[in-house]
Amino acid sequence: MASRHRVVDHIVEYLAASGVDFIFGVDGANIEDIYDAAFFRDDITAVLAKHEFSAATMADGYSRSGAGLGVVAATSGGGCLNTVPGLGEAFASRVPVLALIGQPPTTLDGRGSFQDTSGRNGALDAEALFSAVSVFCRRIVTPEDIVSALPEAVAAARTGGPAVLLLPKDIQQAEIGVNGGVRGFEPTGTQFGDPRAIADALRYAGGPITIIAGEQIARDDARVELELLRAKLRARIATVPDAKDVAGTPGMGSSSALGVTGVMGNPGVADAVAGSALCLLLGTRFGVTARAGLDEALASVPVFSIGSAVPYVPCTHVHTDNLRGSLTMLTAALSGRDRPTGTRVPDAVPQTELRPPAFRGPGIRYRDAMTVLDAALPDGADIVVDAGNIGASAIHYLPVRRDGGFVVALGMGGMGYSFGAGVGMAFGSRRRTVVIAGDGSFFMHGMEIHTAIQYRLPVTFLLFDNHAHAMCVTREQLFYDDLYSYNRFGPSRLGAGLAAMFPGLQSVDVDDISELPAAVRTAFEVDGPSVVSVECSADEIPPFAAFLGSAVAVTANKPLITKENHSNVIARA
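Cut-offs applied
Residues numbered from 1 in each chain as written. Predicted model: local features only at pLDDT ≥ 70, side-chain atom pairs only at ≥ 80, totals over all residues. Heavy atoms only, no water. Pairing = 2+ DSSP bridges. Helix = DSSP H or I, 4+ residues; strand = E, 2+ residues; numbered from the N terminus. Axes fitted to C-alpha atoms, helices over the stretch in contact; angles between N-to-C directions. 1 Å grid on protein atoms, 1.4 Å probe; cavity = no way out; pocket = protein on both sides within 12 Å on 5 of 7 lines; lining within 4 Å. Points joined across faces, edges and corners; volume = space filled by probe spheres on them. Core = buried A, V, L, I, M, F, W, Y, C linked by side-chain atoms within 4.5 Å. Buried < 20%, exposed > 50% of the residue type's maximum accessible area, 1.4 Å probe, protein only. Domains from an automatic or database assignment. Contact = heavy atoms within 4.5 Å.

1. Focus: the sheet that holds strand β12 (residues 278-282)
Working step 1: Strands sit in the order β11-β10-β9-β12-β13-β14 across an open sheet of six strands; the sheet is parallel. Two strands close off the open sheet at either side, each with one partner strand: β11 (257-260) and β14 (316-319). Shown here is a sheet whose adjacent strand axes are inclined to one another by a mean of 15°, direction ignored.
Working step 2: Looking at chain direction, β12 and strand β13 (residues 303-307) are connected through four bridges and run parallel.

2. Focus on empty space enclosed by the protein
Working step 1: With the rule as written, the count across this model stands at three cavities of 30 Å³ or more.
Working step 2: Computed from the structure, the largest cavity encloses a volume of approximately 50 Å³.
Working step 3: Around the largest cavity, the lining residues are Arg94, Glu215, Gln216, Arg219, Gly283, Thr284, Arg285, Gly307, Ser308 and Ala309.

3. Describing the nonpolar core
Working step 1: Counting residues in hydrophobic clusters, the biggest one holds 51 residues, and the most contacted among them are Phe130, Ile449 and Phe461.
Working step 2: If you tally residues by element for this core, the top one is helix α18 (residues 417-429), at seven residues.
Working step 3: Counting the residues that make up this core, at least three belong to each of domain 1 (3-178) and domain 3 (366-554).
Working step 4: Leave out the neighbours within four places in its chain, and Phe461 touches Phe419, Val435, Ile449, Ala452, Ser530, Val531 and Val532.

4. Things to note about the sheet that holds strand β18 (residues 459-465)
Working step 1: Strand order in this open sheet of six strands is β16-β15-β17-β18-β20-β19, and the pairing throughout is parallel. With partners counted over all chains shown, the strands left at the sheet margins are β16 (406-408) and β19 (506-510), one partner each. For this sheet, the mean angle separating the axes of adjacent strands, direction not counted, is 15°.
Working step 2: With three bridges joining them, strand β15 (residues 382-385) and β16 adopt parallel strand pairing. When the bridges of β16 are listed, Val384 appears paired with Val407.
Working step 3: Its contacts with the sheet put α18 on β15, β16, β17 (433-438) and β18, and the angle it makes with β17 is roughly 180°.

Nothing here speaks to function; it is all geometry.
Encoded structure:
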């Protein structure tokens, strides 16, 4: 005789069998049954966040850490609507996330129920809304629907992006018959692109090869395969900003690393691409933020691509849903008698930096702070970077740790992303995670520090306090004649304030660069979360090419631009 249990029991049991360890969310009347089902299991934990946006970014960060599929749960109404920007980031960055969204009972659809999102009789249509920020969205209208819909949603998420299940309250609580228990997710097969066209082009390349590696390398866990291909080709390698951790850095495993591409990247990448016999894009769509300053160079060389999505630049593209497998095939095709003979790495691979103008005002300089962090951060630490001036500085100046991750949200660039994502990464790895964010981001979603305290996670929050939305201040100064500022805040002491708010939290303010090394070392030694708030200035120009003119102008120390051009548009986030 078939056993009987609720739809929510089926969901939680299936997810646990699929290797899911955590469900991140905020409880509420129309999602509480998921929490109830999780309580009675030892193999999955429901985590309570402070805000649904951060719960979604926890799932996103957990997934990006490589720990497994990130799952977020939210109740109806404003609760589920708060997940939309977080799911939008996962959608734009192709991060696997499963969202379990509670809704009022189906018996009240279109009848004026509180938080009705059925789409009936003038109600907000949740299925239409969430379909726009997901790769899969289905509203479950009978208990039996969950049996097929849940595996389909998990499979869709694993292809890269959020999958959403809309779960009315009465459906969650309904009993469902199960024969033979619940089986975990089994891949139905992935599409391997045939790399022969790329292999032929590489085999006969008559000069240096430049590889630009993207975020799919991390998603498909293809770091080793990338390095094997790079070594086979003796190629130079750059990464897009949100894949900074997929390739070696000079002195840490790869002497051929060029750095980061794009608006916060290393100017020398453009010269490397222009001097190549061929440029190979791996696992990236190569959007504007990542390719700023490279369009002319890319137009001058043959460009090939392999990945799950066609890049935004003209190229010969091969589709693959499994970059790890495809890179293995490509490397094998270039081995033995078919190995490339004309490729080479120049004797010296220059490391270049953007050069913002010197700033002599109050506060700690961005680059000086990154130098201190570089000296103090241990191997294996994960770094999560938020939007804004400090984010640009960390992307440009701060090297990845050996065996550590480096995450930045450039799909939507939502401020405050790093707080939830850092918590999610720490749940996944249980190793030191470092969140680098500004005070503007903290004021939006910084109370997830309390979540880190509640679960005693090893997260250090480095808050750069310039009392402003500093990137917006820079724009006011450069593009609007510095006549006014809407974007400066009153003074704050975040370290002292958090120490008073959360007794026992190691939390300090640092006003002088000489104090920062000891403060950072102490923060990293804490068994649990810690906070260091660094006083800096909103008037310092960050390493952000859109504020500095072209890479040539920057490296030649020419004056700043004073009018906005096309490349500046990406600085509006």
